[in-house]
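If you want the building blocks of each chain, they are given just below.
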Amino acid sequence: MRRLTGPSLAVCKREIYSYFVSPVAYFTIVPFLLLCGFFFYITFNYLSQRGGSETAATDLMVFAIQTMSVLLTLASPLLTMRSFAEERRAGSMELLATSPIRERDIVLGKFFASWFLVGAMLLATAPYPLFVQRYGNPDVAPILVGYLGLALLGGCLLALGLLISSLSSNQIVAGVSTLGAGLFLWMIQSLPPAAGTATLYGTLREIAVYMSLQQHLTGFSQGVVAVKSLVYYLSFISVCLYLTTVSSASFRWK
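Residues numbered from 1 in each chain as written. Predicted model: local features only at pLDDT ≥ 70, side-chain atom pairs only at ≥ 80, totals over all residues. Heavy atoms only, no water.

### So, helix H8 (residues 140–166)
Right, on to step 1. Across its 27 residues, H8 extends 39 Å between first and last C-alpha, which sits within 8% of the 39 Å expected from 1.5 Å per residue.
Right, on to step 2. Across the 27 residues that make up H8, a large majority, 21, are buried. (Helix = DSSP H or I, 4+ residues; strand = E, 2+ residues; numbered from the N terminus. Expected span 1.5 Å × (residues − 1). Buried < 20%, exposed > 50% of the residue type's maximum accessible area, 1.4 Å probe, protein only.)

### Section: the packing of helix H2 (residues 24–50) against helix H7 (residues 127–135)
Right, on to step 1. Running from N to C, H2 and H7 cross one another at 20 degrees; their axes reach a closest spacing of 11 Å. When the interaxial angle is binned, H2 and H7 end up roughly parallel. Along this stretch, H2 crosses H7, giving a crossing that reads as right-handed. Residue-level contacts link Leu33, Cys36, Gly37, Phe40 and Phe44 of H2 to Tyr128, Phe131 and Val132 of H7.
Right, on to step 2. Counted by class, the contact of H2 with H7 contains seven nonpolar, one polar and no charged residues. (Axes fitted to C-alpha atoms, helices over the stretch in contact; angles between N-to-C directions. Parallel < 35°, antiparallel > 145°, perpendicular 65-115°, else oblique. Left-handed = near helix turned anticlockwise from the far one by under 90°. Contact = heavy atoms within 4.5 Å. Nonpolar A, V, L, I, M, F, W, Y, C, P; charged D, E, K, R; others polar.)

### Observations regarding the pattern of salt bridges
Right, on to step 1. Applying the stated criterion across every chain yields a total of three salt bridges.
Right, on to step 2. Among the salt bridges present, the one from Glu15 reaches Arg14, with a minimum N-O distance of 2.8 Å.
Right, on to step 3. Residue classification places Glu15 among the buried residues on the basis of a relative accessible area of 4%.
Right, on to step 4. A residue is classified by how much of its surface remains accessible, and Arg14, at 39% relative accessible area, is partly exposed.
Right, on to step 5. Among the charged side chains, a salt-bridge network with shared partners connects Arg14, Glu15 and Lys110. (Salt bridge = Lys/Arg side-chain N within 4 Å of Asp/Glu carboxyl O.)

Here is the structure:
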């Protein structure tokens, strides 16, 4: 991934502004935080009633991170479904395509704007680890690594959503397709293991499980930064952004 340049930074600021002058940001952030708080509360109550243990605080944060990963899967389509689909429907995509701004800058600007919003959503959950740190004794490093994994997972879901939005002219279709793709990349880790040894299904299952976005978050939630997971997340984002750039560039040749 490349850093923001002048044009892409201008697009990023424009997109952030558009999020907050429309209901999108509020309809995404508020339910996300309410659901995070609800699940954090019931999990805390459950662990308290079960009796305190040395790992209770750590277990609470691991579950909180896993919960936020699922909620990010559900929230990301709301942030990306209108990015290109709405521009195409309103006719403003043609204006962007004929402007001197390069497609790469447009894509990066939109991506980092949505990623900024995801970062703000995760930052708003900071009271949870602070609460756990006050009343428990969890290691700080695994919590920080878990949040890093959430940020990378969010980046993957947003990049995927931008790609799907660039291929559609209807934001509802883009949103539903992004949700379906995100859930698919989450659920493929649950494929049943192969019976026997060295079967074709077993090989395909290993590939499918490796492609699961949630599977790679497991190590992060436990405080382990696996190189293969880090490479996978960054590669996934880069490939999706590249394909989005190619897709949006097609407007210049129409």
